[in-house]
Amino acid sequence: MKKHIVLTLIIISIVLFSNNMFKEAYQYTYKVAKYYNVSQERAKLLAYTVSEEYERFPQVPYQIFVSLIVSESGFKNLYGDSGHAVGYCQLHKSAVDYVSIFFPEIKTLAQKIPHDELIKFPQLQIRIAYRYLYLIMKNITNFNVIEALNFWNNSPNYYFRVFDTLTFIDKIAKN
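Please read all numbers here as calculations on a predicted model, not as lab measurements. (Residues numbered from 1 in each chain as written. Predicted model: local features only at pLDDT ≥ 70, side-chain atom pairs only at ≥ 80, totals over all residues. Heavy atoms only, no water.)

**Student:** Sorry if this is basic, but what is going on with the overall build of the chain here?
**Tutor:** Helix and strand counts for the chain stand at eight helices and two strands. The secondary structure elements of the chain, listed N-terminal to C-terminal, are α-α-α-β-β-α-α-α-α-α. Every one of the 175 residues in the chain was classed for burial, and the buried ones make up 44%. For the chain, restricting intrachain contacts to residue pairs at least 6 apart in sequence, the fraction spanning at least 24 positions comes to 61%. In the structure as shown, the chain presents an accessible area of about 9700 Å², 58% of it carried by carbon and sulfur atoms. (Helix = DSSP H or I, 4+ residues; strand = E, 2+ residues; numbered from the N terminus. Buried < 20%, exposed > 50% of the residue type's maximum accessible area, 1.4 Å probe, protein only. Contact = heavy atoms within 4.5 Å. Areas by Shrake-Rupley, 256 points an atom, 1.4 Å probe, with all protein chains shown as cover.)

Set out below in structure tokens:
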């Protein structure tokens, strides 16, 4: 009986903690997206997707990921790097291909969508980018966020930009 009560309490706390994680990530992302003039519908979609990915990969702080979006595109769904980078996180095809190796559901979708058409699928962009940052941290930098951010942008000091952005947007998200 005692084991049953303890197990029930553990399950309840996991559910509550998980729900709280989702809610915090959602509100943070939504507030920052709205600050950058993202439409309400799109802000909700992006916030929901970031929250889901954060629940799945809590090793990647959602605050860092949102800072990455702001650093890469200012929450604009656009082409960059002479058309080679796509969307909110400025994904290159090589990043999509790398994520596809580890996530068959992404591979299936990515095979059906040409890279330049990825701009039409913001939810997929966010999923790929979140997982790409997770994979960089896990497989390349041993969960060193600074090295992971520098790897993301192939720049030794890119983390300064993301951390400066984080300092700015954190105030927005907490108001």
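**Student:** Looking at this structure, how should I read helix H6 (residues 122-140)?
**Tutor:** It helps to recall that an α-helix has 3.6 residues per turn; residues three or four apart then point in one direction. When the terminal C-alpha atoms of H6 are compared, their 26 Å separation across 19 residues agrees well with the 27 Å that a helix rising 1.5 Å per residue should span. Extensive coverage of H6 is indicated by the burial of 15 of its 19 residues. (Expected span 1.5 Å × (residues − 1).)

**Student:** Where do I start with the nonpolar core in this structure?
**Tutor:** For soluble globular proteins, nonpolar side chains are generally found buried alongside one another. Phe 65, Phe 75, Leu 91, Leu 133 and Trp 152 are the most contacted members of the largest nonpolar core, which has 53 residues in total. Mapped by element, the contributors of at least two residues to this core are helix H1 (2-35), helix H2 (40-56), helix H3 (62-73), helix H4 (93-102), H6, helix H7 (145-153) and helix H8 (158-173). The element contributing the most residues to this core is H6, with eleven residues. Leave out the neighbours within four places in its chain, and Phe 75 touches Thr 29, Val 32, Ala 33, Tyr 36, Val 38, Leu 46, Val 66, Ile 69, Val 70 and Tyr 88. (Core = buried A, V, L, I, M, F, W, Y, C linked by side-chain atoms within 4.5 Å.)

**Student:** I tried to follow unusual backbone geometry on my own but got confused; where do I start?
**Tutor:** Leaving glycine aside, a negative phi is the common case for residues, and trans is the common case for peptide bonds. Of note, Asn 142 is a non-glycine position whose phi angle comes to about 55 degrees, a positive value. Tracing the sequence through the fold places Asn 142 in the loop between H6 and H7. With a relative accessible area of 65%, Asn 142 lands in the exposed category. With a phi close to 65 degrees, Phe 143 is a non-glycine residue in the positive phi region. With respect to the helices and strands, the residue Phe 143 is situated in the loop between H6 and H7.

**Student:** For this particular structure, what's the right way to read the packing of H4 against H6?
**Tutor:** Each packed pair of helices is defined by two parameters, the angle between the axes and the distance between the axes. Following both chains from N to C, one finds H4 and H6 inclined at 75 degrees, their axes separated by 9 Å at the closest point. With respect to each other, H4 and H6 are oriented roughly perpendicular. Every residue of H6 that contacts H4 at Ala 95, Val 96, Tyr 98, Val 99 and Phe 102 is listed here: Ile 128, Arg 131, Tyr 132, Leu 135, Asn 139 and Ile 140. (Axes fitted to C-alpha atoms, helices over the stretch in contact; angles between N-to-C directions. Parallel < 35°, antiparallel > 145°, perpendicular 65-115°, else oblique.)

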